[in-house]
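# Structural overview for review
One-letter residues, chain by chain:
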Amino acid sequence: MTHDLPGDPEAFCLLSVALDPVPPPRHCRERWLAELSGTARYLPFQRGLREHFDLTEPVANELLARIQQADAWTPGVAPIVGFLHFQPGPQLGRAHCGFVRMKRGMQVPAHRHTDRELTYVLEGVLVDGDGNRYGPGEVIEMPVNSVHALYVASEHDALLATAQGRVHLLGI
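The structure presented is a predicted model; accordingly, all values stated were derived computationally and were not measured. (Residues numbered from 1 in each chain as written. Predicted model: local features only at pLDDT ≥ 70, side-chain atom pairs only at ≥ 80, totals over all residues. Heavy atoms only, no water.)

Taken together, the buried positions of helix H3 (residues 46-53) are Gln46, Gly48, Leu49 and Phe53. Seen along its axis, H3 keeps its buried residues to an arc of 165°; they face one direction. Along H3, the residues that are exposed and aim more than 90 degrees away from the buried face are Arg47 and Glu51. The secondary structure elements touched by the buried residues of H3 are helix H4 (57-66), strand S2 (80-86), strand S3 (96-102), strand S5 (117-123) and strand S10 (158-164). Of the residues flanking the end of H3, it is Asp54, one or two places downstream, whose phi is positive at about 55°. (Buried < 20%, exposed > 50% of the residue type's maximum accessible area, 1.4 Å probe, protein only. Helix = DSSP H or I, 4+ residues; strand = E, 2+ residues; numbered from the N terminus. Arc of directions from axis to C-beta. Contact = heavy atoms within 4.5 Å.)

Our next topic: the sheet that holds strand S1 (residues 74-75). Strand pairs in the sheet, formed through backbone hydrogen bonds, run parallel or antiparallel to each other. Taken in spatial order, the six strands line up as S1-S2-S3-S10-S5-S8 in an open sheet, and their pairing is antiparallel. The strands lining the two open edges of the sheet, one partner per strand, are S1 and strand S8 (139-142). Seen against the sheet, H3 touches S2, S3, S5, S8 and S10 and runs at an angle of roughly 170° to S5. (Pairing = 2+ DSSP bridges. Axes fitted to C-alpha atoms, helices over the stretch in contact; angles between N-to-C directions.)

Bringing unusual backbone geometry into the picture now. Residue Asp54 is not a glycine yet carries a positive backbone phi of 55°. With respect to the secondary-structure elements, Asp54 resides in the loop between H3 and H4. Residues other than glycine seldom take positive phi values, yet Asn145 does so here, at roughly 70°. Relative to the assigned elements, Asn145 resides in the loop between S8 and strand S9 (147-152).

A word on the pattern of salt bridges. Under the defined criterion, the tally for this structure stands at five salt bridges. A salt bridge links Glu123 to Arg101; the nearest nitrogen and oxygen atoms lie 3.9 Å apart. Here Glu123 is found in strand S5, whereas its partner Arg101 is found in strand S3, with 22 residues between them in sequence. The exposure class assigned to Glu123 is buried, which follows from its relative accessible area of 12%. Between Arg116 and Glu141 there is a salt bridge whose closest N-O contact spans 3.1 Å. In this pair, Arg116 sits in the loop between strand S4 (107-113) and S5 while Glu141 sits in strand S8, placing the two residues 25 residues apart along the sequence. Assessed through its relative accessible area of 41%, Arg116 is described here as partly exposed. By relative accessible area, which is 46% here, Glu141 ends up partly exposed. What you see here is one network of salt bridges that share partners, running through Arg41, Arg101 and Glu123. (Salt bridge = Lys/Arg side-chain N within 4 Å of Asp/Glu carboxyl O.)

Dropping the structure here:
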């Protein structure tokens with residue numbers, strides 16, 4: 001919702017800069033911080049999740065809410081923290097989909113995809129073997145027979161949504 005204010009917008013801008021900041025009331029600040037750490041934290045990714053994983057809005061919202069539920073996750077083996085599996089829409093066929101939490105500093109060795117892979121970054125930064133960086137809201141798409149390696153380059157763990165099939169690790 002937008003509001004048209006009478007007067008000169010430039011004057012309002014100057015006035016806002018000239019006024020001393022006023023902290024929000026404590027109850028508002030606490031509610032806002034709770035929302036940021038709750039399900040609202042991932043709402044900016046809802047549209048991308050729907051588009052890339054062929055999901056309806058209610059299903060995407062339910063998945064984003066489940067991210068915060070510790071009992072929804074399957075524990076991983078270090079350095080993978082855990083998995084939260086989900087069923088994609090029909091356009092992804094039989095791809096295995098889910099959220100993955102990866103420890104900062106984790107390296108995924110070079111591997112070849114025998115099926116298409118899609119990685120949608122929600123938190124953290126990934127760097128591929130060519131030095132390309134992918135942050136929140138960005139997608140890495142790897143076609144069949146492509147090869148790549150990844151590294152979690154952020155200061156904190158990464159949270160990803162992935163759709164993938166079979167891969168073959170190289171050099172092992």
